[in-house]
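Each chain, written out:
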Amino acid sequence: MRDATPDVTAVPCPLATSSGEAASERRAAGPARVAGAQAIGAIAIGAIAFLLLQILTYGYGRDQGIYAMVARAVLDGGMPYRDAFDFKPPGIFLIYALARALFGPAQWGIRALEVLGLAGMCLAMVSLAARAFGDRRVGVVAAALAVLVHAQLDFWHTAQPESFGGMLTVFALLAATPRGVAGAPRPAPGAAALIVSGALFGAAGLLKPPLAGGGVVLAVVLAAPALAELAGRGAALARRARRSPALGPDRGAPEAPGSARAPGAAPVPDRRAAAPDPGAALVPDRRAAALDLARPAPTSPALLWAALRPALLVALGGVLPVLACVAWFAAKGALGDLREVLFVFTPHYTALGWRDVGVLDMAWHGVSEWLVRYSGPLALGLCCLLALHPDRHERAGVALLAGVIAMHLVGVVMQAKFFPYHYGATWPLTALLAALGLWKAWQRCVRHGAKAAAALVAALVATAFARSATKDVDEDYLDRCAERVALLAAGARDLGRLDHLASAADVDAAANRAVAAWLRERVAPGRPVFVWGFEPVIYDLAERPPATRYLYNVPQRAAWARQDARDALMRDLAARPPAAIVVERRDVFPSVTGDGLDSRDTLDGFPALAGLLEERYDLAVLIEDFEIYLER
């Protein structure tokens, strides 16, 4: 049942002008016919299908291997942080655990879940565009743009917390945007819808905390009309108080809303009441408008409740997944480990990026990266939207999307790393705004003829080649697409080609596979192994348990956690001696560890582990950047 509180955010417009009525009637009749719209829709849907098929072939990057190993520990009854260390929020491990439970340990499992989520997000974007902008075709174009950027991020920067957080954000916005009726004011979202929206924002926050801030933006946007009306009434009362008492309220002073009238006097409509919801259609029927004007204006307490209600309901929904997560950790006795990692270790990691830089420099870098570095078509669409301006009924949706994007960018700047995947949750929202701008530009161009339309298409293609989200790999995205098409045509059985497509920077997927195969041959099933490096995927490929909770050695290499983490590691190794130890070379990450040493060089400053290797293990083989030691 919808909440019975008066909707002060959807006050109908006074008697509409003839032009306003005509515009309302056009919107009530549905989106206008646009030349080429069917072709654009077909191309967009075809592109989405092709790109989703590409994503199914993506392998693991380094981070995905970590998430998979923590998920494996969770399915075995363990807990993140306590039994399998990483410093990402817990939500991503649950998603990987779900994929593993549904599809098994193969790397395509998380990609299948990712593709299903993206497909659902595309449908949600179409519905959201129809509700916010009055045209689902904008949503189809937006979905294609969002999936294009997502796919261009390739294997390394997808299936990340932000990837899934973006999907949840779109679902949350859709839940809070009720369907309107053509020619009528947009209804306020019901209580259940706001609670569901808040819960989705809260779940997104368990993937990356700043994503929960979208719920704050939603609450502010929904409260704005009521707050504006309260402010207007306060200003009107202040003006009346400053007037001379001799003038009195009958000398032209406006009647305060809700003030007493003489018995039988006709109510005076409050034309300073809350402005119409920018997403609501004008009322074309003059008689219906007149009836609406005769209704008493909402009282100040009703307006105050209308302002507070969205925030309270969104907050109620938002705390539900957080409380469920805290209860899970408490029941498993791992609440202290959660606190230690997220509130002690992680802030030090974040602080690495803030050395010798200012807030304004970081903010400029974060915004400029989002705006121009990753996608030419998105930048072009945003420019079109600025140049052509949102229509009145589109402004509320544009403001909400822009606010959530701003909240995301604040989170990216706070992290101070600016990895490509950090923007992953922001691209679907950016795509909705860009698609609106491109759709407006297309409508204007087709009215000016074929040459103008062709010029826009040429500009779109040029910007697509000028900026791509594909980073950290040698080939451009088109070459990688062609290679994956050939791989799929051959049945996706070519491990060499798969490994090549899953290699980047210092990560060699073929070498990881070779090390895992060697361990499977020489280490008995069930015996633990230990990887001193940053390639936990080796555990998963080898199908051997780790000897320690530390799936990688960043805690033992980071200055702020080094000694305690090393002591804990040595206790783990003493309690569960590994049958083999793998030492990695050339894994240097100053932005993560704070220094320029690799794992092999770090042993020189870690005498306890170096002594264990010397006393109890022999070097058995070198495979690429890995030294493998076997127990004597």
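As the structure is a computational prediction, the values presented were derived from the model and not from experiment. (Residues numbered from 1 in each chain as written. Predicted model: local features only at pLDDT ≥ 70, side-chain atom pairs only at ≥ 80, totals over all residues. Heavy atoms only, no water.)

Draft legend 1. Structural view of the overall build of the protein. A tally of regular secondary structure across the protein gives 26 helices and 4 strands. Counting over 632 residues, the protein shows a buried share of 50%. Long-range contacts, defined as pairs at least 24 residues apart, comprise 76% of the intrachain contacts of the protein with a sequence gap of at least 6. As displayed, the protein has an accessible area near 27800 Å², and 64% of this comes from carbon and sulfur atoms. (Helix = DSSP H or I, 4+ residues; strand = E, 2+ residues; numbered from the N terminus. Buried < 20%, exposed > 50% of the residue type's maximum accessible area, 1.4 Å probe, protein only. Contact = heavy atoms within 4.5 Å. Areas by Shrake-Rupley, 256 points an atom, 1.4 Å probe, with all protein chains shown as cover.)

Draft legend 2. Geometry of the packing of aromatic side chains. Taken as a whole, this structure holds 21 aromatic pairs when the rule is applied. When the ring of F530 is compared with that of W532, the centres are 6.3 Å apart and the planes differ by 50°; the resulting orientation is tilted. On the basis of relative accessible area, F530 is assigned to the buried category, the value being 1%. Overall, W532 belongs to the buried group, its relative accessible area being 1%. Members of the aromatic cluster, connected to one another through ring pairs, are F85, F87, F345, Y349, F534, Y550, Y552, W560 and F589. Its end group placed over the ring of Y349, K417 keeps NZ or CZ at 4.2 Å from the ring centre. The side chain of R566 reaches across the aromatic face of F606, ending 4.6 Å from its centre. (Phe/Tyr/Trp six-rings, centres within 6.5 Å; stacked < 30°, edge-to-face > 60°. Lys NZ or Arg CZ within 6 Å of the ring centre and 35° of its normal.)

Draft legend 3. Local environment of the state of the cysteines. All told, the structure shown has 0 disulfides when counted by the stated rule. Between C384, a free cysteine, and C383, which holds the nearest cysteine sulfur, the sulfur-to-sulfur gap is 7.0 Å. You can call C384 buried: its relative accessible area is 12%. A disulfide-free cysteine, C445 has its sulfur positioned 7.8 Å from the sulfur of C384, the nearest such atom. (Disulfide = S-S within 2.5 Å.)

Draft legend 4. Highlighting the packing of helix α5 (residues 108-133) against helix α7 (residues 161-175). Two elements in contact, α5 and α7, have axes separated by 9 Å at closest approach and are oriented at 30°. Relative to α7, the element α5 lies roughly parallel. At the point where α5 passes α7, the crossing takes the left-handed sense. Of the residues in α7, those touching α5 at I110, E114, G117, L118, G120, M121, A124, M125, S127, L128 and R131 are S163, F164, G166, M167, V170, F171, L173 and L174. In terms of residue class, the contact of α5 with α7 is made up of 12 nonpolar, 5 polar and 2 charged. (Axes fitted to C-alpha atoms, helices over the stretch in contact; angles between N-to-C directions. Parallel < 35°, antiparallel > 145°, perpendicular 65-115°, else oblique. Left-handed = near helix turned anticlockwise from the far one by under 90°. Nonpolar A, V, L, I, M, F, W, Y, C, P; charged D, E, K, R; others polar.)

Draft legend 5. Molecular detail of a nonpolar patch on the surface. Residues L304, W305, L308 and L312 make up a contiguous nonpolar surface patch of roughly 390 Å² in combined accessible area. Mapped onto the elements of the fold, L312 is located in helix α11 (residues 300-331). (Patch = residues over 30% accessible without salt bridge, like charges linked within 9 Å, V, L, I, M, F, W, Y side chains within 5 Å. Salt bridge = Lys/Arg side-chain N within 4 Å of Asp/Glu carboxyl O.)

Draft legend 6. Molecular detail of the sheet that holds strand β2 (residues 580-584). Taken in spatial order, the 4 strands make up an open sheet running β1-β2-β4-β3, and their pairing is mixed. Lying at the two open borders of the sheet, with one neighbouring strand each, are β1 (529-532) and β3 (617-623). This sheet shows a mean twist of 20° between the axes of neighbouring strands, independent of strand direction. Where β1 meets β2, 4 bridges bridge the pair, whose relative direction is parallel. Following the sheet pairing, V529 is matched in β2 by A580. (Pairing = 2+ DSSP bridges.)

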